[in-house]
Amino acid sequence: MTTKKRVAILISGRGSNMTALVEAARDLSYPAEIVGVFSNRADAPGLQYAWLAGIPTAVRSHKDFASREVFDAEIQSILDGWGAEIVCLAGFMRIFSTGFAQHWTSRMLNIHPSLLPLYRGLKPQQQALDAGATESGCTVHWVIPELDDGPTIIQRRVPVLAGDTAEALAARILIEEHKAYPEALRLVATGAAIFHA
Ligand code: GRF
């Protein structure tokens, strides 16, 4: 049997993408195992799922650290303790120091609810509606120091329907996110997707 890649997931909230990854990794043939979930918020609902699933968790508030660099060094030591080889950001609402982002370049993934490079940043579903888009979707991409940028691994598309609210569009995109992220991690963990700057 080939060795599974050791994956840590970073969350700040609901954790539905984290859940999709954990559930995919239950399959014996999946090429990755989830070795830990980190949150910068103790009240992140996703933590409860991770606890119940028996996955090691760690919580540190960025507010308790003097600088972004010191906070990131703490995250790094937690990831090292888990032996993480790949990091998946799943609704993690913190920007990294350049050093941390560079350290994980080619080994860190993020998911964003738009077809990047369209609608970076906050409220991308509302941005799509405001732009009059007829389709949107989600992107799993490699993380580079620039926010919501970096080479695409997978995109999945959805239509924007007449009368859509941001919430309705977000829900339609989220269904695709839960398919895209496990598939992207599979590609990365098997080496089928490789980072090219
Ligand atoms: C998702 O829409 C993801 O694309 C974005 O933040 C949201 C997190 O949702 N980065 P969840 O915590 O995975 O449910």
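Our subject is the structure that appears above.
Treat the numbers as computed from the prediction; the structure is a model and nothing was measured.

**What about the pattern of salt bridges?**
Okay, step 1: This structure, assessed with the given rule, holds nine salt bridges.
Okay, step 2: Of the charged contacts, one joins R6 and E33 as a salt bridge, the two residues approaching to 3.8 Å between their closest N and O atoms. Taken together, the residues R6 in strand β1 (residues 5-11) and E33 in strand β2 (residues 32-39) connect sequence positions 27 residues apart.
Okay, step 3: Residues E183 and R186 are paired through a salt bridge, measuring 3.6 Å at the closest nitrogen-oxygen approach.

**As for the sheet that holds strand β6 (residues 135-142)**
Okay, step 1: Judged by pairing direction, the sheet is mixed, and its seven strands sit side by side in the order β3-β2-β1-β4-β5-β6-β7 without closing on themselves. Looking at which strands have only one partner, the edges of the open sheet turn out to be β3 (57-59) and β7 (152-159). Taking the axes of each pair of neighbouring strands and ignoring which way they run, one obtains an average angle of 20° across the sheet.
Okay, step 2: Sheet topology note: the strand β5 (residues 108-112)/β6 ladder contains four bridges and is antiparallel. Paired with H112 across the bridge in β6 is T139.
Okay, step 3: Sheet strands touched by helix α1 (residues 16-25): β1, β2, β4 (86-89) and β5. Its angle to β2, the strand with the most contacts, is close to 155°.
Okay, step 4: Packing against the sheet, helix α6 (residues 166-190) makes contact with β1, β2, β4, β5, β6 and β7, and its axis sits at approximately 155° to β7.

**A closer look at helix α3 (residues 68-82)**
Okay, step 1: Between its first and last C-alpha atoms α3 spans 21 Å; for 15 residues at 1.5 Å apiece the expected length is 21 Å, and the two agree.
Okay, step 2: All of the buried residues along α3 are F71, D72, I75, Q76, I78, L79 and W82. Projection of α3 onto a plane perpendicular to its axis shows the buried side chains occupying an angular sector of 165°, all on one side. Away from the buried face of α3 by more than 90 degrees, exposed residues E69, D80 and G81 are located.
Okay, step 3: On its buried face, α3 sits against β1, β2, β3, β4 and α4 (98-104).
Okay, step 4: Looking one or two residues beyond α3, the residue adopting positive phi is G83, at roughly 65°.

**What to know about the site of the ligand**
Okay, step 1: Every residue lining the ligand is accounted for by R14, G15, S16, N17, G91, I111, H112, P113 and E177.
Okay, step 2: At 2.7 Å, a backbone N or O of G15 approaches an oxygen atom of the ligand.
Okay, step 3: Here the ligand occupies the largest pocket.
Okay, step 4: The residue makeup of the shell around the ligand, split by class, is two nonpolar, five polar and two charged.

**Remarks on the layout of surface pockets**
Okay, step 1: Considered as a void within the structure, the largest pocket measures approximately 940 Å³ in volume.
Okay, step 2: Contributing to the lining of the largest pocket are 34 residues, with G91, F92, M93, I111 and H112 lying nearest its centre.
Okay, step 3: Where the lining of the largest pocket is concerned, the elements lending two or more residues are α1, β5, α5 (124-130) and α6.

**Some details on the environment of A168**
Okay, step 1: In this structure, A168 sits in helix α6.
Okay, step 2: For A168, a relative accessible area of 30% translates into the label partly exposed.
Okay, step 3: For the pair A168 and S61, spaced 107 residues apart in sequence, the C-alpha to C-alpha distance is 31 Å.

**Notes on unusual backbone geometry**
Okay, step 1: A cis geometry characterises the amide bond from L116 onward to P117, with omega recorded as 15°.
Okay, step 2: Relative to the elements of secondary structure, P117 occurs in the loop between β5 and α5.
Okay, step 3: Positive phi, close to 80°, is recorded for S106, a residue that is not glycine.
Okay, step 4: Its location among the elements puts S106 in the loop between α4 and β5.
Okay, step 5: Here S106 falls in the partly exposed class, since its relative accessible area comes to 32%.
Okay, step 6: For K123, which is not glycine, the phi dihedral falls at a positive 50°.
Okay, step 7: Inspection of the secondary structure puts K123 in the loop between β5 and α5.
Okay, step 8: Judged by its relative accessible area of 63%, K123 falls in the exposed class.

Basis of the calculations
Residues numbered from 1 in each chain as written. Predicted model: local features only at pLDDT ≥ 70, side-chain atom pairs only at ≥ 80, totals over all residues. Heavy atoms only, no water. Salt bridge = Lys/Arg side-chain N within 4 Å of Asp/Glu carboxyl O. Helix = DSSP H or I, 4+ residues; strand = E, 2+ residues; numbered from the N terminus. Pairing = 2+ DSSP bridges. Axes fitted to C-alpha atoms, helices over the stretch in contact; angles between N-to-C directions. Contact = heavy atoms within 4.5 Å. Expected span 1.5 Å × (residues − 1). Buried < 20%, exposed > 50% of the residue type's maximum accessible area, 1.4 Å probe, protein only. Arc of directions from axis to C-beta. Near = heavy atom within 4 Å. Polar contact = N/O pair within 3.5 Å; in protein donor to acceptor, adjacent residues only side chain to side chain. 1 Å grid on protein atoms, 1.4 Å probe; cavity = no way out; pocket = protein on both sides within 12 Å on 5 of 7 lines; lining within 4 Å. Sits in = over half its atoms within 2 Å of the grid points. Nonpolar A, V, L, I, M, F, W, Y, C, P; charged D, E, K, R; others polar. Points joined across faces, edges and corners; volume = space filled by probe spheres on them.

Nothing here speaks to function; it is all geometry.
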